[in-house]
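Take a look at the letters that make up each chain.
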Amino acid sequence: MTDFETRARAAGRAVRDAVEPMVASVEPRKPRGPLRALVVAATITTIAVIGTAVIVKTRGSHPTSMSPEVARFCTEIESSASTPSDVVTDQNGTVTRSGQRPSLEYLRDAPAEIRSVALAILAANAAGRSPTETDSQALLNWYGVACFPNAAQPGAAPDQQRYAPSPDVSNFDICSATNRPRAADTYAAAHPAYGHMTIFGDTSISDPYDAPMIGLALSSEEGFRDDETARPVTIPGHPDAVISNLTGPFGASLEHGGLVISWSDGKQTVGVFGRGYGPEREGELIALAHRVTVDGSGPHLPSADVPESYKTVFDGPLVALNTLGPSVATDSTYAITANRGELQFGATIGSAPASEAIRFLGSQLRPVTVHGVRMLAGPWASTSTPSANSTPPAMLRWREPNGVTFTLVSIGHRPDQTPSLDQLKELAASVRRLNRSEWERVIRESDGCYGDLVGSRSAASSSGSGSSPAPGATTTTVPSISTAPPP
């Protein structure tokens, strides 16, 4: 299992793991592709959303509008969620744990309105059982409302605003809505920048992403190689250097191809990318790699070696290239899952270049205009074996003037629950801002999506769609937030 896969799942479960240890996972699979962390299966991403959350930036203390009792209990939940542990649940619901885990005795002092639920969860934990889904969801929903009083308020800052497609539009049946939890701040602090990426594009044309591009990356967790096509290449001072094909989500070939050269630099790996570079340009990319140097801020290419008319079009976190939606974005503010886990909607805060960087690997995303708004639209991954029981996954992304970027992602397992790209455009056109009472209602009506998602994934696997592996039949391993490197 890849590092990013483990971390995305851990961060995504930050809060839910505190109240429901029984969360199933997919079976580990051998990763492949030069950006392994960024091509993690869509099911993993969905689990992260359903599990409530995302890796986040520090948000500070709880709002003063919270009562001391509620603020204390919210802090206890977040502290519990931030403690490393491994949880294993067998088919009978019996829970075993390894690693340190805080006592759940604080649940005895839950606020009156949620105390009966908290005591039921505590009793299940003491008996070595998982809490019921009803109790777990009730506490999760309470947390989403009570512990985030600033969300969706009048005059809220962009990161506290909440939007959603209109409930009158078809193909958007909400099953989970979550704020980003503060517990994930602990995770983000323990796992600093996953990596850095600089992208050069031909700025003499109107859309640099329509032409070949050059990328320089540095990561402590990525290998930047496609294991099936990697072969040695001579780069002075780097005897371990290899060159391989550049692939996109699920190891799929990019629309116009590409190559990547990588080598180790201490505990980190350097990647030199030629997006759109065919075999005939291999020598050109090798020559560029010869000129790359690395210092504390990352890899660099002398300006004289950058092709004429090429400029920096993106310089920032490597995870900006993620094509899997808002659930693993470092600047996400909230996420909504709909259609029994087949659809994600969320918001992030970031720059315009960061919003566009997704196209470096999501080469099938194209600018379109929907009701006068510029958006990126298209399939964001391809399955190796098309199936009548699955719908091609698709993405729609657009950025508002206030810096908020909205992303709609269809997962692509069941045609009856997965919107087409045209239906995503219809949903996007209906997105509107929610007031506080509307947001609270959305959270309180969330009933979780996980059980239905597992069924759809199992069906997809048995049908031979190839879009995702089936979940484990008897046991699952669920790592919580951890500061230790994953296995």
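For the structure, check the block above.
Thresholds applied
Residues numbered from 1 in each chain as written. Predicted model: local features only at pLDDT ≥ 70, side-chain atom pairs only at ≥ 80, totals over all residues. Heavy atoms only, no water. Helix = DSSP H or I, 4+ residues; strand = E, 2+ residues; numbered from the N terminus. Buried < 20%, exposed > 50% of the residue type's maximum accessible area, 1.4 Å probe, protein only. Areas by Shrake-Rupley, 256 points an atom, 1.4 Å probe, with all protein chains shown as cover. Salt bridge = Lys/Arg side-chain N within 4 Å of Asp/Glu carboxyl O. Expected span 1.5 Å × (residues − 1). Arc of directions from axis to C-beta. Contact = heavy atoms within 4.5 Å. Polar contact = N/O pair within 3.5 Å; in protein donor to acceptor, adjacent residues only side chain to side chain. Pairing = 2+ DSSP bridges. Axes fitted to C-alpha atoms, helices over the stretch in contact; angles between N-to-C directions. Core = buried A, V, L, I, M, F, W, Y, C linked by side-chain atoms within 4.5 Å. Disulfide = S-S within 2.5 Å.

(A) View of the overall build of the protein chain. If you tally the helices and strands in the protein chain, you get 12 helices and 21 strands. By the burial criterion, 59% of the 487 residues in the protein chain qualify as buried. Accessible area of the protein chain: about 18800 Å², with a carbon and sulfur share of 51%.

(B) Structural detail: the pattern of salt bridges. Across all of its chains, the model carries 14 salt bridges by this definition. For Arg 108, the salt bridge goes to Glu 105, with nearest N and O atoms at 2.5 Å. Residue Arg 108 is classed as partly exposed on the basis of its relative accessible area, which comes to 47%. We classify Glu 105 as partly exposed; its relative accessible area is 38%. Two residues, Arg 432 and Glu 438, come together in a salt bridge whose shortest N-O distance is 3.2 Å. Accessibility expressed as a relative area gives 15% for Glu 438, which makes it buried. One network of salt bridges, in which partners are shared, links Asp 207, Glu 356, Arg 359 and Arg 374.

(C) View of helix H6 (residues 133-146). Between its terminal C-alpha atoms H6 stretches 20 Å, which fits the 20 Å expected from 14 residues at 1.5 Å a residue. For H6, the set of buried residues is Asp 135, Ser 136, Gln 137, Leu 139, Leu 140, Asn 141, Trp 142, Tyr 143, Gly 144 and Val 145.

(D) Representation of helix H10 (residues 421-430). Within the sequence span of H10, burial applies to Leu 424, Leu 427, Ala 428 and Ser 430. Considered in projection along H10, the buried side chains sweep an arc of 165 degrees and stay on one side of the axis. Those residues of H10 hidden inside the fold are in contact with strand S3 (163-164), strand S15 (343-349), strand S17 (373-379), strand S18 (394-399), strand S19 (404-410) and strand S20 (432-433).

(E) Geometry of the environment of Ser 204. Locating Ser 204 in the fold gives a position in the loop between strand S5 (195-202) and strand S6 (213-219). The exposure class of Ser 204 is exposed, given its relative accessible area of 55%. It is 9.3 Å that separates the C-alpha atoms of Ser 204 and Glu 308, two residues lying 104 residues apart in sequence. Within the structure, the side chain of Ser 204 is placed 2.5 Å from the side chain of Asp 202, a separation counted as a polar contact.

(F) Highlighting the sheet that holds strand S7 (residues 231-232). Ordered by their spatial adjacency, 7 strands build an open sheet running S7-S8-S9-S10-S6-S5-S13, and the pairing between neighbours is antiparallel. Of all the strands in the sheet, just S7 and strand S13 (310-317) have a single pairing partner and so form its edges. In this fold helix H8 (residues 282-290) packs onto S6, S7, strand S8 (242-245), strand S9 (258-265) and strand S10 (268-275), with an angle of close to 30 degrees to the strand it touches most, S9.

(G) A look at the pairing of strand S4 (residues 174-179). Extensive coverage of S4 is indicated by the burial of 5 of its 6 residues. The sheet contact formed by S4 and strand S14 (residues 332-338) spans 5 bridges and is antiparallel. Paired with Asn 179 across the bridge in S14 is Tyr 334.

(H) Representation of the nonpolar core. Formed by 31 residues in total, the largest nonpolar core has its most connected members in Phe 345, Trp 398, Leu 408 and Trp 439. Judged by nonpolar contacts, the second largest core, of 22 residues, contains Tyr 277, Leu 285, Ile 286 and Ala 289.

(I) Looking closely at the state of the cysteines. Applying the stated criterion across every chain yields a total of 1 disulfide. Paired through a disulfide, Cys 74 and Cys 147 show a sulfur-sulfur distance of 1.8 Å. Judged by the sign of its S-S torsion, about -85 degrees, the bond between Cys 74 and Cys 147 is left-handed. A residue pair is termed long-range when its members are at least 10 positions apart, and Cys 74 in helix H4 (residues 68-81) and Cys 147 in the loop between H6 and S3 qualify at 73 residues. Residue Cys 74 is classed as buried on the basis of its relative accessible area, which comes to 0%. Here Cys 147 falls in the buried class, since its relative accessible area comes to 0%.

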